[in-house]
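The chain contents come next:
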Amino acid sequence: MAAFANEPLHKDSILVTILRDLGAVQYVKTNVPVAMMMAETNNNVWGETRNPLHKHLSPGGSSGGESALISFFASPLGIGTDIGGSIRIPAAWCNLYGLKPSFGRYPHYGAKPGIAGQEYILSVNGPMARSLKTLQLYSESVLSDKCDPGMSITSVSLFPGGKNVIQPPGRKLRFGLIGAEDGLVHVHPPVERALKMTQDALEKQGHEVIPWSTEDHEAIVKVSSSDY
């Protein structure tokens, strides 16, 4: 937002401190759209960011500047933020891997929110990279014993280093999966293929995949958006 253009922060967020202590080299902050919640990247301060794979397309949003930078091979790893797709959309549009974690998995304290004090729609941060291995390295490092991701923050759900979190070892998991059709839209063929590959891979490892019905979602949205 242009209103914040001349208001620099005077203290790092917890995640920035953790990454610096781990040896990360932080050299650039990338572009985002006005108010963040858009599937493109354009604002009145820095202007428009375009897709590095095709300049007439968008890199997505809201973490579109980050996805463009990584896709350009100008950075091996970046951090995006996400509520409704702001990591996942730019990762998909720039041929990257992105991880949108559950709230509290990665430290978020100290990050500037779009609306201060707003806890109705919770934003999270997560890694973006050109390889799945990089996301794994990031997760294991940020949640490792070398740092304390809690750092007196009650909003972080601690779990051991991203390794051996399934206890007892070998225990099978149960996943809910929204299919290619949610009652409103049908996904594009590449997304449908990815969902099928994911389901097949999980079931091959012995996990249970349950079709997630969306029939109650409309009522949930109406209740959560009402005045009571």
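Before reading further, recall that the structure is shown in the block above.
The following refers to the structure shown. Everything numeric in this text was worked out from a predicted model, so none of it was measured.

Conventions we followed
Residues numbered from 1 in each chain as written. Predicted model: local features only at pLDDT ≥ 70, side-chain atom pairs only at ≥ 80, totals over all residues. Heavy atoms only, no water. Helix = DSSP H or I, 4+ residues; strand = E, 2+ residues; numbered from the N terminus. Rg over C-alpha atoms; globule rule 2.2 N^0.38 Å. Buried < 20%, exposed > 50% of the residue type's maximum accessible area, 1.4 Å probe, protein only. Contact = heavy atoms within 4.5 Å. Areas by Shrake-Rupley, 256 points an atom, 1.4 Å probe, with all protein chains shown as cover. Pairing = 2+ DSSP bridges. Axes fitted to C-alpha atoms, helices over the stretch in contact; angles between N-to-C directions. Salt bridge = Lys/Arg side-chain N within 4 Å of Asp/Glu carboxyl O. Phe/Tyr/Trp six-rings, centres within 6.5 Å; stacked < 30°, edge-to-face > 60°. Lys NZ or Arg CZ within 6 Å of the ring centre and 35° of its normal. Right-handed = clockwise from strand over helix to strand, strands pointing away. Polar contact = N/O pair within 3.5 Å; in protein donor to acceptor, adjacent residues only side chain to side chain. Arc of directions from axis to C-beta. Patch = residues over 30% accessible without salt bridge, like charges linked within 9 Å, V, L, I, M, F, W, Y side chains within 5 Å.

### Overview of the overall build of the protein chain
- When you go through the protein chain residue by residue, the secondary structure sums to six helices and seven strands.
- A compact globule built from 228 residues would reach a C-alpha radius of gyration of about 17 Å, and the protein chain, at 19 Å, matches this within 12%.
- In the protein chain, which comprises 228 residues, the proportion classed as buried is 28%.
- Long-range contacts, defined as pairs at least 24 residues apart, comprise 60% of the intrachain contacts of the protein chain with a sequence gap of at least 6.
- By element, 58% of the accessible surface of the protein chain is carried by carbon and sulfur atoms, the whole surface being about 15400 Å².

### Concerning the sheet that holds strand E5 (residues 124-129)
- Strands sit in the order E3-E5-E4 across an open sheet of three strands; the sheet is antiparallel. A strand with exactly one partner marks an edge of an open sheet, and here the two such strands are strand E3 (77-82) and strand E4 (97-98).
- Bridging between E4 and E5 involves two bridges; their strand directions are antiparallel. Its bridge partner being in E5, Gly98 is matched across the sheet by Met128.
- Helix-sheet contacts for helix H2 (residues 64-71) involve E3 and E5, and the interaxial angle to E3 is about 160°.
- Across the sheet, helix H4 (residues 132-142) touches E3, E4 and E5, and the angle it forms with E5 is around 140°.

### Remarks on the pattern of salt bridges
- In total, this model carries six salt bridges according to the counting rule given.
- Across the pair Arg174 and Glu208 runs a salt bridge whose closest N-O atoms are separated by 3.2 Å. Linking Arg174 in strand E6 (residues 174-177) with Glu208 in strand E7 (residues 208-211), this pair joins segments that are 34 residues apart in sequence.
- The exposure class assigned to Glu208 is partly exposed, which follows from its relative accessible area of 38%.
- Here Lys196 and Asp200 are joined by a salt bridge, their closest N and O atoms 2.9 Å apart.

### Remarks on the packing of aromatic side chains
- Going through the model one piece at a time under the given rule, you end up with one aromatic pair.
- Ring centres of Tyr106 and Tyr138 lie 5.5 Å apart, and the angle between their planes is 70°; this geometry places the pair in the edge-to-face category. Taken as a pair, Tyr106 in the loop between E4 and E5 and Tyr138 in helix H4 lie far apart in primary sequence, 32 residues in all. The pair Tyr106 / Tyr138 is uniform in exposure class, with both members buried.
- Directly above the aromatic system of Phe73 lies the positively charged group of Arg130, at a separation of 4.1 Å from the ring centroid.

### Comments concerning the pairing of E7
- Summarising the sheet, E6 and E7 pair through four bridges and their orientation is parallel. From the neighbouring strand, Phe175 faces E7, where its bridge partner is Val209.
- Following the backbone out of E6, through helix H5 (residues 189-204) and into the adjacent parallel E7, one traces a crossover that is right-handed.

### Quick look at the side chain of Ser63
- Summarising the element assignment, Ser63 is placed in the loop between strand E2 (47-48) and H2.
- Accessibility expressed as a relative area gives 5% for Ser63, which makes it buried.
- A distance of 3.0 Å separates the side chain of Ser63 from the backbone oxygen of Ser86, its partner in a polar contact.
- Setting aside residues up to four positions removed in sequence, Ser63 forms contacts with Gly80, Thr81, Ser86, Ile87, Pro90 and Met128.

### As for helix H1 (residues 14-21)
- Residues Ile14, Leu15, Ile18 and Leu19 constitute the buried set of H1. Within H1, the buried residues cover an arc of 130° as seen down the axis, which keeps them to one side.
- Elements in contact with the buried residues of H1: E3, E5 and H4.
- Immediately downstream of H1, the backbone of Gly23 shows phi near 105°, a positive value.

### Quick word on a nonpolar patch on the surface
- Together, Val25, Tyr27 and Val28 make up a nonpolar patch on the protein surface, roughly 330 Å² of accessible area in all.
- Its place among the elements puts Tyr27 in the loop between H1 and strand E1 (42-43).

### Side note on the environment of Ile14
- Mapped onto the elements of the fold, Ile14 is located in helix H1.
- Residue class for Ile14 comes out buried when judged on its relative accessible area of 15%.

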